[in-house]
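Next come the chains, spelled out residue by residue.
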Amino acid sequence: MKALVAVKRVVDANVKVRIKSDNSGVDLTNVKMSINPFCEIAVEEAVRLKEKGVVSEIVVVSVGAKEAQEQLRSSMALGADRAILVETNDEIGALEVAKVLKGIVAEEKPELVLLGKQAIDDDSNQVGQMLSALMGSGQATFASQINIEGDKAQVTREIDGGLQTIELSLPAVITSDLRLNEPRYVKLPDIMKARKKQLDVKSPADYGVATGTKLKTIKVENPPERKAGVQVSSVDELVEKLKNEAKVI
Ligand code: AMP
């Protein structure tokens, strides 16, 4: 069984992002970039399924600038077998990414398509759902457990107030939640091995997709600064302030 995993290059989760002075976006100058954490979990899951003998080949794909090769190499160091970079310097929206991935699915014919539940840069949480609609396949989003039996996948999903287990016919799209697994630390020999693995470079046009997203970012702002708290001397004073100042009771 072949698994296709989509990985996005994003600002590292530990970096405090800076907004550009003209509020047009996030300043990426000299900022550490990494694999989107949910995509790393998706790669780890594919590698575990390969170790169990369920998956035989893992192909990772990223859509974006040339530098996304770094995240593809990291994914191959984790255990993916080969990579495809769909290179573009244009801003690309969720629908365009989903259309490119659909083109790759048509070419590669994976039984299992794994994505992160969302990318932590724009928190859009759309590509997996759009891709499954374009493929006409089932989808299981927010997966916290995946079991594959023959041509079926049983997926436990994290939903409000509990867990839901559903069964999907493969091929299907599954998006990973935080508790699906904890990605392994990559060892130096694996990083060296990953350098020799196959990485093909394509363009969105190869899949008939025009870039130039239909979405335009108008303004990016920092969240409002939190005001300092005040200490109250009695419960009566607290109630009075909640009633008359905060007006929440
Ligand atoms: P999003 O819908 O943008 O929050 O992203 C959800 C998931 O879609 C990510 O975790 C990735 O698996 C995949 N994805 C989004 N954008 C890209 C991209 N440019 N290249 C590859 N995969 C992507």
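Structure first, text after, so check above.
What you see is a predicted model; the values in this text were computed from it and never measured.

Thresholds, definitions, all that
Residues numbered from 1 in each chain as written. Predicted model: local features only at pLDDT ≥ 70, side-chain atom pairs only at ≥ 80, totals over all residues. Heavy atoms only, no water. Helix = DSSP H or I, 4+ residues; strand = E, 2+ residues; numbered from the N terminus. Buried < 20%, exposed > 50% of the residue type's maximum accessible area, 1.4 Å probe, protein only. Contact = heavy atoms within 4.5 Å. Areas by Shrake-Rupley, 256 points an atom, 1.4 Å probe, with all protein chains shown as cover. Lys, Arg positive; Asp, Glu negative; His and termini not counted. Charge placed at Lys NZ, Arg CZ, Asp CG, Glu CD. Core = buried A, V, L, I, M, F, W, Y, C linked by side-chain atoms within 4.5 Å. Expected span 1.5 Å × (residues − 1). Pairing = 2+ DSSP bridges. Right-handed = clockwise from strand over helix to strand, strands pointing away. Near = heavy atom within 4 Å. Polar contact = N/O pair within 3.5 Å; in protein donor to acceptor, adjacent residues only side chain to side chain. Patch = residues over 30% accessible without salt bridge, like charges linked within 9 Å, V, L, I, M, F, W, Y side chains within 5 Å. Salt bridge = Lys/Arg side-chain N within 4 Å of Asp/Glu carboxyl O. Axes fitted to C-alpha atoms, helices over the stretch in contact; angles between N-to-C directions.

To continue, consider the overall build of the protein chain. Looking only at helices and strands, one finds six helices and 11 strands in the protein chain. In terms of its C-alpha atoms, the protein chain occupies a principal-axis envelope of roughly 65 × 45 × 40 Å. A total of 249 residues make up the protein chain; the buried ones form 41% of that total. Pairs at least 24 residues apart make up 69% of the contacts formed inside the protein chain by residues separated by at least 6 positions. A total accessible area of about 14,400 Å² is found for the protein chain, and carbon and sulfur atoms account for 50% of it. In the protein chain, which carries 35 positive and 37 negative side-chain charges, the distance between the mean positions of the two groups comes to 2 Å.

The next subject is the nonpolar core. Ranked by internal contacts, the top residues of the largest apolar core, which has 38 residues, are Val-5, Val-7, Val-60, Leu-112, Leu-114 and Ile-174. For this core, the element with the most residues is helix 1 (residues 37–51), which contributes eight residues. Residues contacting Val-60, with those up to four places away along its chain left out, are Val-5, Val-7, Val-43, Leu-72, Ser-75, Met-76, Ala-80, Arg-82, Ala-83 and Ile-84. With 20 residues, the next largest nonpolar core counts Val-63, Val-97, Ala-98 and Tyr-207 among its residues.

For helix 1, built from 15 residues, the straight-helix expectation of 21 Å at 1.5 Å per residue is met to within 8% by its first-to-last C-alpha distance of 21 Å. The complete set of buried residues in helix 1 reads Phe-38, Cys-39, Ile-41, Ala-42, Val-43, Glu-44, Glu-45, Ala-46, Val-47 and Leu-49. Phi for Gly-53, located one or two positions after helix 1, is positive at around 85°.

On to the pairing of strand 4 (residues 57–64), then. Where burial is concerned, most of strand 4 is hidden: seven out of the eight residues are buried. By the bridge criterion, five bridges tie strand 1 (residues 2–6) to strand 4 in an arrangement that is parallel. When the sheet's bridge partners are listed, Ala-6 is paired in strand 4 with Val-61. Here strand 4 pairs with strand 5 (residues 82–87) via six bridges, running parallel. Within the sheet, the bridge partner assigned to Val-59 lies in strand 5 and is Arg-82. Crossover connection from strand 4 via helix 2 (residues 69–78) to parallel strand 5: handedness right-handed.

Here the focus is the site of the ligand. Near the ligand there are 18 residues, and of these Ala-6, Val-63, Ala-119, Asn-125 and Gln-126 occur at the shortest range. Backbone polar atom of Ala-6 to an oxygen atom of the ligand: 2.8 Å apart, as the coordinates give it. Protein coverage of the free-state accessible area of the ligand, which is 480 Å², stands at 98%. Elements that contribute at least two residues to the shell around the ligand include exactly strand 4 and strand 6 (112–116). With three residues, strand 4 is the largest single contributor of residues to the shell around the ligand.

Moving on to a nonpolar patch on the surface. Taken together, the side chains of Val-186, Leu-188, Ile-191 and Met-192 present a nonpolar region at the surface, about 340 Å² in accessible area. Accessibility expressed as a relative area gives 58% for Leu-188, which makes it exposed.

Glancing now at the side chain of Arg-157. Position of Arg-157 among the secondary structure elements: in strand 8 (residues 152–159). Buried charge without a partner: Arg-157 forms no salt bridge, and the closest opposite charge is Asp-177, 8.0 Å away. Not counting residues within four places of it along the chain, the set of residues in contact with Arg-157 comprises Ala-140, Thr-141, Phe-142, Ala-143, Gly-162, Leu-163, Gln-164 and Ile-166.

Turning our attention to the sheet that holds strand 8. Sheets are built from strands paired through backbone hydrogen bonds, the pairs being either parallel or antiparallel. Taken together, nine strands build an open sheet; the order of strands is 9-8-7-10-6-1-4-5-11 and the sheet is mixed. The strands lining the two open edges of the sheet, one partner per strand, are strand 9 (162–169) and strand 11 (199–202). The average angle at which neighbouring strand axes cross in this sheet is 30°, direction not considered.

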